[in-house]
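Here's the letter readout for the chains.
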Amino acid sequence: MTLGNSMLIPILPKMQSELELTAFQVSLTITIFSICAAIFIPILGYMSDRFSRKVIIVPSLFLYGIGGLLAGIAAAWFDNGYIWIIVGRSLQGIGAAGTAPIAMALTGDLFKGGEQSKVLGLVEASNGFGKVLSPIVGSLLALIVWYGPFWGFPLFCLISILLTIFFIKEKKKKKEPPPFSKYLKGLFSVFKHDGRWLFTAYLAGATCLFTLFGILFFLSDRLETRYDIVGVLKGAVLAIPLLFMMTTSYITGSKIGKNLKKMKLMIILGLLLMTSSFGSLVFFTRLTPFIAVLVVSSIGTGLVLPCLNSLITGSVGKARRGFVTSLYGSVRFLGVAAGPPVYGALMAWSRTGMFLSTASLTLIVALLCLLFIHVNEPSKSEETTSSLFRKIEVKTDPN
């Protein structure tokens, strides 16, 4: 899933010049993918709850690969290639909706307690690893031809399909899924009791991805226009902050266990690190110190995301886990979709204003997490009915 946007970031300036597009048009290749994914994630999440995770993941990967193939063919041979690239990217977005968000729910099905947090940290680290590799892979494929990254998608999807078919072993469902009305009633119950902190967590996840892709969009543009850094070297520079995010995500997931107080602390700390980094970037224009300060925000993102994954995945039972985690994936995609066009407008407005606005946003989200995510240890009699990790529950009542 991660390759869907990150692998294309290095080629966006070249795509703009080759197809004679505006900056807004080229940003839509990122945005349309993410919007389609955001729309279809809850639908496929529900279907994965009703049927099975693999039944959704495998066809989604197939559609993802077909969309990339169409975009590559359109860029190579179609006169009105841009329109068909957008169509292909739309298909990819629908396919992406059935990949990583469903995999997160699958992780919740297969692992419990501290092991679940560790594996979810690995999932987020894999997400980060994809972001690290994708600018470099995209740049390497672009050495063959600028639209080469589109041709890479079918290959990666084929590998993923084969691995999923042969190595993922789901437990068979013991009973028939509930009718839609009963399923929907259960969802309303979840959001009625845990909605305040869940939506705060959703906002935090969307903010992390919005700022990440927005800043990468800004950095990708500056590397070419100001520093004349292109190709593989450009991909390597873009990968530096992502490498720190990936490493932090893996370490965080392996250390937090099922300690919700620690998770909340890490979320707030991570958002504050992002705030300090974005606010400080105003004062740095040279590339090396800019990247060094940007790394601090990446570390903050690496602290936040694995903790959010564990909180959200463990908040509901298996029967509705697919929808709740998919809705989280949906708002993350909306964050990705909004990043490039919003930051494109902010870049045209004011560099200082862009960074200060970003810092203000992450500070506000940190305060919301402080106020609305509340944790406490339940009594022994409550342990059997706890909805989160069976031993620790999240409550939204501030009293």
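Structure shown above.
What you see is a predicted model; the values in this text were computed from it and never measured. (Residues numbered from 1 in each chain as written. Predicted model: local features only at pLDDT ≥ 70, side-chain atom pairs only at ≥ 80, totals over all residues. Heavy atoms only, no water.)

Novice: How would you sum up a nonpolar patch on the surface? Please name residues and give values.
Specialist: Side chains of Phe 62, Ile 66, Leu 69, Trp 77, Phe 78, Ile 83, Trp 84, Val 87 and Trp 151 sit close together on the surface and give an oily, nonpolar patch of about 860 Å² of accessible area. Going through the elements one at a time, helix H4 (53-77) and helix H5 (81-96) are the ones with two or more residues in the nonpolar patch. Relative to the elements of secondary structure, Ile 83 occurs in helix H5. (Patch = residues over 30% accessible without salt bridge, like charges linked within 9 Å, V, L, I, M, F, W, Y side chains within 5 Å. Areas by Shrake-Rupley, 256 points an atom, 1.4 Å probe, with all protein chains shown as cover. Salt bridge = Lys/Arg side-chain N within 4 Å of Asp/Glu carboxyl O. Helix = DSSP H or I, 4+ residues; strand = E, 2+ residues; numbered from the N terminus.)

Novice: Please provide a residue-by-residue account of the layout of surface pockets, values included.
Specialist: Quantified by volume, the largest pocket comes out at close to 1,300 Å³. Taken together, 45 residues line the largest pocket, and the ones lying closest to its centre are Met 1, Ala 100, Ala 103, Ser 126 and Ser 160. When residues of the lining of the largest pocket are traced back to their parent elements, those giving at least two are helix H1 (3-6), H4, helix H6 (100-110), helix H7 (113-144), helix H8 (148-167), helix H9 (180-225) and helix H13 (318-349). Among the elements that take part in the lining of the largest pocket, H7 stands out by supplying 11 residues, more than any other. Within the lining of the largest pocket, the residues separate by chemical class into 30 nonpolar, 12 polar and 3 charged. (1 Å grid on protein atoms, 1.4 Å probe; cavity = no way out; pocket = protein on both sides within 12 Å on 5 of 7 lines; lining within 4 Å. Points joined across faces, edges and corners; volume = space filled by probe spheres on them. Nonpolar A, V, L, I, M, F, W, Y, C, P; charged D, E, K, R; others polar.)

Novice: Tell me what's going on with empty space enclosed by the protein, and back it up with residues and numbers.
Specialist: Enumeration according to the criterion identifies 2 cavities of 30 Å³ or more in this entry. The calculated volume of the largest cavity comes to roughly 80 Å³. Around the largest cavity, the lining residues are Cys 208, Thr 211, Leu 212, Ile 215, Leu 216, Pro 241, Met 274, Phe 278, Leu 294, Ser 297, Ser 298 and Thr 301. At 5 residues, H9 tops the list of elements feeding residues into the lining of the largest cavity. Per-class residue counts for the lining of the largest cavity are 8 nonpolar, 4 polar and no charged.

Novice: Please provide a residue-by-residue account of the pattern of salt bridges, values included.
Specialist: Counted by the stated rule, this structure contains 3 salt bridges. The salt bridge partner of Arg 53 is Asp 109, with a shortest N-O separation of 2.7 Å. Taken together, the positions of Arg 53 in helix H4 and Asp 109 in helix H6 put the pair 56 residues apart, joining distant regions of the chain. The two residues Arg 53 and Asp 109 agree in class, both being buried. Note that Arg 222 is salt-bridged to Asp 221, the shortest N-O span being 2.8 Å. A relative accessible area of 27% places Asp 221 in the partly exposed class. (Buried < 20%, exposed > 50% of the residue type's maximum accessible area, 1.4 Å probe, protein only.)

Novice: Quick one: what's the story with the packing of helix H10 (residues 231-256) against helix H12 (residues 287-313), residue by residue and with numbers?
Specialist: How two helices sit against one another is set out by the angle between their axes and by the gap between those axes. It is at 7 Å that the axes of H10 and H12 come closest, and there the two elements cross at 35 degrees. Where H10 crosses over H12, the two elements pack in a sense that is right-handed. Each of Val 237, Ile 240, Pro 241, Phe 244, Met 245, Thr 248, Ser 249, Thr 252, Gly 253 and Ile 256 in H10 lies in contact with H12, whose residues at this interface are Ile 291, Leu 294, Val 295, Ser 298, Ile 299, Thr 301, Gly 302, Leu 303, Pro 306, Cys 307 and Ser 310. Tallied by class, residues from the contact of H10 with H12 come to 13 nonpolar, 8 polar and no charged. (Axes fitted to C-alpha atoms, helices over the stretch in contact; angles between N-to-C directions. Left-handed = near helix turned anticlockwise from the far one by under 90°. Contact = heavy atoms within 4.5 Å.)

Novice: Can you explain the packing of aromatic side chains? Please cite residues and give values.
Specialist: This structure, assessed with the given rule, holds 11 aromatic pairs. Each ring, one from Tyr 202 and one from Tyr 328, has its centre 6.0 Å from the other, and the planes form 20 degrees; the classification is stacked. Of this pair, Tyr 202 sits in helix H9 while Tyr 328 sits in helix H13, and the two are 126 residues apart along the sequence. Taking the relative accessible area as the measure of exposure, Tyr 328 reaches 0% and is therefore buried. Between Phe 210 and Tyr 343, the aromatic rings sit 5.4 Å apart at their centres with planes inclined by 55 degrees, giving tilted as the arrangement. Here the residue Phe 210 occupies a position in helix H9, and Tyr 343 occupies one in helix H13, the gap between them amounting to 133 residues. Summarising the burial analysis for this pair, Phe 210 and Tyr 343 share the class buried. The rings of Phe 33, Tyr 64 and Phe 153 are connected pair by pair, giving a single aromatic cluster. (Phe/Tyr/Trp six-rings, centres within 6.5 Å; stacked < 30°, edge-to-face > 60°.)

Bear in mind that shape data such as this cannot, by itself, settle questions of function.
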